[in-house]
Amino acid sequence: MKKVAILLACSAMLTACAPEVGSKDWCENMKEKPKGDWTANEAKDFTKHCIFSSDEE
């Protein structure tokens, strides 16, 4: 049980390092990532947040 708790804590720390989807940092990271490596969800989110973003939100 202790190993599971340690594994979950490590996972939480690693995911906290990734920029939030739709943020300026995330958009910059996606621009650098080869398009062939994008998932369908990443492509959709990139289009929504980085290309057709609205400053009103």
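We now turn to the structure provided with this report. Because the structure is a prediction, the values reported are computed rather than measured.

**A word on the packing of aromatic side chains**
The description of an aromatic ring pair rests on the distance of the ring centres and on the angle between the ring planes.
Point 1. On inspection of all chains with the given rule, the structure shows one aromatic pair.
Point 2. Centroid distance Trp 38 to Phe 46: 4.8 Å. Interplanar angle 55°. Geometry classified as tilted.

**Looking at the pattern of salt bridges**
Point 1. What the rule picks out here adds up to three salt bridges.
Point 2. Glu 42 is paired through a salt bridge with Lys 33; the nearest N and O atoms lie 3.0 Å apart.
Point 3. Judged by its relative accessible area of 26%, Lys 33 is partly exposed.

Rules used in this analysis
- Residues numbered from 1 in each chain as written.
- Predicted model: local features only at pLDDT ≥ 70, side-chain atom pairs only at ≥ 80, totals over all residues.
- Heavy atoms only, no water.
- Phe/Tyr/Trp six-rings, centres within 6.5 Å; stacked < 30°, edge-to-face > 60°.
- Salt bridge = Lys/Arg side-chain N within 4 Å of Asp/Glu carboxyl O.
- Buried < 20%, exposed > 50% of the residue type's maximum accessible area, 1.4 Å probe, protein only.

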